[in-house]
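# Observations on the model geometry
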Amino acid sequence: MGYRSGVTRRAAADVRLDSLLRTACDVIVERGLANTRTADVAAAAGVSQALVFYHFATKERLLAQAFAYAVEQELSRLDAVLRSATPPLTKVRRILRLYTPTGRPWAMWIDGWAESLRTPELEKVCRRLDLRWRQDLAAVISAGVADGTFECADPAGAAWRINAVMDGLAVQLAVHERVISRRQFGEWIRLVAARELGLDPAQLV
């Protein structure tokens, strides 16, 4: 009986933690990382600040874990692409489409990059998650080189260069309205990726 009640309490705590993280993400998108207080998250979740500190100990840890929670939702889609049995060319096409900035995750990415300059704990999380994209793209490029699909002497460098261009264009698309279009974003990313991989851009459509 005691074991079951302990399991039930842990399950309830996990559900509450998940709910707090989702609420924290909503508050962060509305107020920004720099302006989000533990009191704001507690009020939005309908709980006490003491409960928020019970789960996260510090505001910095709350922000870092909420950021990671939001981004991990997007990375789960990347994982699905990597686990698929599709060839490297198809995986690259899907990865490029996944990277197009949309909605809450990209708002938090951009905010996270900026706030990482001042918050070491958030910088560690941001760096770890950011590197995932580059490492996974590099692995797909390497697989494509191995099977003769791509011509690329430096898969890791190519992944960094492709991601750097995507990041820069994504910020313009997400932050500055009508500076570039989604169509232009897609075309330019395909052009850059094609040059790195020895392809015709049309092969990445």
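Only a predicted model underlies this, so the values are computations on that prediction, with no experimental measurement involved.

## Comments concerning the environment of V125
With respect to the helices and strands, V125 occurs in helix 7 (residues 120–146). Residues contacting V125, with those up to four places away along its chain left out, are A64, F67 and A68.

## Concerning the side chain of T23
One can find T23 in helix 1 (residues 2–31). Judged by relative accessible area, which is 15%, T23 ranks as buried. Residues contacting T23, with those up to four places away along its chain left out, are V41, A44 and A45.

## Some words on the pattern of salt bridges
According to the stated counting rule, one finds 13 salt bridges in the structure shown. Between R128 and E72 there is a salt bridge whose closest N-O contact spans 3.8 Å. With R128 in helix 7 and E72 in helix 4 (residues 59–83), the pair connects residues that are 56 residues apart, well separated along the chain. For R128, a relative accessible area of 45% gives the class partly exposed. In this structure, R134 engages D167 in a salt bridge whose closest nitrogen and oxygen atoms are separated by 2.8 Å.

## Re unusual backbone geometry
For A57, which is not glycine, the phi torsion reads 70° and is therefore positive. Structurally, A57 can be placed in the loop between helix 3 (49–56) and helix 4. According to the relative accessible area criterion, A57 is partly exposed, its value standing at 46%.

## Thoughts on the packing of helix 3 against helix 4
Two elements in contact, helix 3 and helix 4, have axes whose closest approach is 9 Å; the angle formed by their N-to-C orientations is 70°. As summarised for this structure, helix 3 and helix 4 are arranged roughly perpendicular, according to the angle between their axes. Contact with helix 3, carried on its side by V52, F53 and F56, involves K59, R61, L62 and Q65 of helix 4 and no other residues of that element. For the contact of helix 3 with helix 4, the residue count by class is 4 nonpolar, 1 polar and 2 charged.

## Notes on the UniProt feature "DNA-binding region" (unreviewed entry) in the protein
With numbering matched to this structure, UniProt assigns "DNA-binding region" (unreviewed entry) to residues 37–56. A helix fraction of 80% and a strand fraction of 0% characterise residues 37–56, whose end C-alpha atoms lie 13 Å from each other.

Cut-offs used in this document
Residues numbered from 1 in each chain as written. Predicted model: local features only at pLDDT ≥ 70, side-chain atom pairs only at ≥ 80, totals over all residues. Heavy atoms only, no water. Helix = DSSP H or I, 4+ residues; strand = E, 2+ residues; numbered from the N terminus. Contact = heavy atoms within 4.5 Å. Buried < 20%, exposed > 50% of the residue type's maximum accessible area, 1.4 Å probe, protein only. Salt bridge = Lys/Arg side-chain N within 4 Å of Asp/Glu carboxyl O. Axes fitted to C-alpha atoms, helices over the stretch in contact; angles between N-to-C directions. Parallel < 35°, antiparallel > 145°, perpendicular 65-115°, else oblique. Nonpolar A, V, L, I, M, F, W, Y, C, P; charged D, E, K, R; others polar. UniProt positions renumbered as here; feature names shortened; annotations may be inferred.

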